[in-house]
Amino acid sequence: MSIITLLTDFGLCDPYVGMMKGVILSINQDATIVDITHDVEPHDVREGAFLVSEHYRYFPGGTIHVAVVDPTVGSDRRPIIVIRDDHVFVGPDNGIFTGVVDGNAKIHVIGNRAFMGEQISTTFHGRDIFAPAAAHLAKQVLPSDFGPAILDPVRLEGLEPTVRENTLTGKIIRFDRFGNGITNIPGPLLVNFVGAGTYTVRVGGLTFSTLSRSFYEAESTCLVGSAGYIEFGYFKGSFRERSGAAKGDTVMVERTT
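Residues numbered from 1 in each chain as written. Predicted model: local features only at pLDDT ≥ 70, side-chain atom pairs only at ≥ 80, totals over all residues. Heavy atoms only, no water.

**Describing the pairing of strand 11 (residues 199–203)**
Put simply, side chains in a regular strand alternate between the two faces of the sheet. Of all five residues making up strand 11, four are buried, and the element is well covered by its neighbours. The sheet contact formed by strand 11 and strand 15 (residues 250–255) spans five bridges and is antiparallel. Following the sheet pairing, Thr 200 is matched in strand 15 by Glu 254. (Buried < 20%, exposed > 50% of the residue type's maximum accessible area, 1.4 Å probe, protein only. Helix = DSSP H or I, 4+ residues; strand = E, 2+ residues; numbered from the N terminus. Pairing = 2+ DSSP bridges.)

What follows is the structure in structure tokens.
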């Protein structure tokens with residue numbers, strides 16, 4: 001059994017996701033396809049990159065992860081395969097794999113026409129390049145058979161928080177369905193940064209001096225969410241709507257002692 005995950009900004013009101021699944025199953029009927037999400041905000045490669053680095057570790061080694069948030073589809077950006085920690089990632093070389101590309105990753109361009117669809121649309125590489133590639137990888141085709149190795153993948157700037165003296169600075173990267181604001185600040189990083197001292201967490205006009213354990217503890221909360229990152233929420237409400245926060249807003253943690 002081969003597992004293929006799908007993460008896109010396609011939504012579900014159009015047939016695009018279904019078409020990708022049909023292509024995969026036409027090539028490899030034994031594939032197990034798992035939807036991660038198709039509700040990445042349209043064209044937001046940064047949100048897609050954050051989600052890729054978050055979800056893959058919950059799957060067994062050998063899983064193939066297709067991620068398509070591809071606003072420059074049809075341009076000269078490269079289609080690539082990334083191999084990292086016994087996981088395989090397939091998608092555009094536009095920074096969506098920033099969180100999984102490190103010194104141990106191996107990367108190949110998808111250039112072998114034998115592993116693509118019969119016709120290549122300039123607007124739907126998810127169906128015509130990435131889905132076929134994933135299906136063939138699941139049939140044990142080697143990444144090196146798709147094309148040459150590269151050492152210069154596109155990386156996004158600003159995905160990691162910064163630490164300067166007594167200030168830890170991050171950003172709101174995404175909002176979930178409940179309107180919770182999810183940052184790029186890992187919980188352990190904040191805990192190590194503040195140590196045993198006191199601190200404040202600021203976002204917009206809100207200030208927090210402690211981390212809650214769950215959303216019910218106060219009307220507005222700052223906590224370490226299930227993915228391990230600092231989140232902001234409102235009990236039975238939307239932090240996004242109630243606070244007016246937006247993606248990209250600065251989150252600042254300051255040591256006060």
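On we go from here.
**Topic: the pairing of strand 15**
Direction of pairing for strand 9 (residues 167–175) relative to strand 15: antiparallel, over a ladder of five bridges. Looking at strand 15, one finds that Thr 167 is bridged to Glu 254.

**Considering the packing of aromatic side chains**
Summed over all chains, the structure comprises ten aromatic pairs. Ring centres of Phe 50 and Tyr 229 lie 4.8 Å apart, and the angle between their planes is 55 degrees; on these two criteria the pair is classed as tilted. Placement of Phe 50 in helix 2 (residues 45–55) and of Tyr 229 in strand 14 (residues 229–234) is noted, with a sequence separation of 179 residues between them. Tyr 229 shares its class with Phe 50; the two are buried. Put simply, the rings of Phe 208, Phe 232, Tyr 234 and Phe 239 touch in pairs and so form one group of aromatic residues. Over the aromatic face of Phe 178 sits the side chain of Arg 177, whose NZ or CZ is 6.0 Å from the ring centroid. Its guanidinium or amino end placed over the ring of Phe 193, Arg 255 lies 4.2 Å from that ring's centre, counting from NZ or CZ. (Phe/Tyr/Trp six-rings, centres within 6.5 Å; stacked < 30°, edge-to-face > 60°. Lys NZ or Arg CZ within 6 Å of the ring centre and 35° of its normal.)

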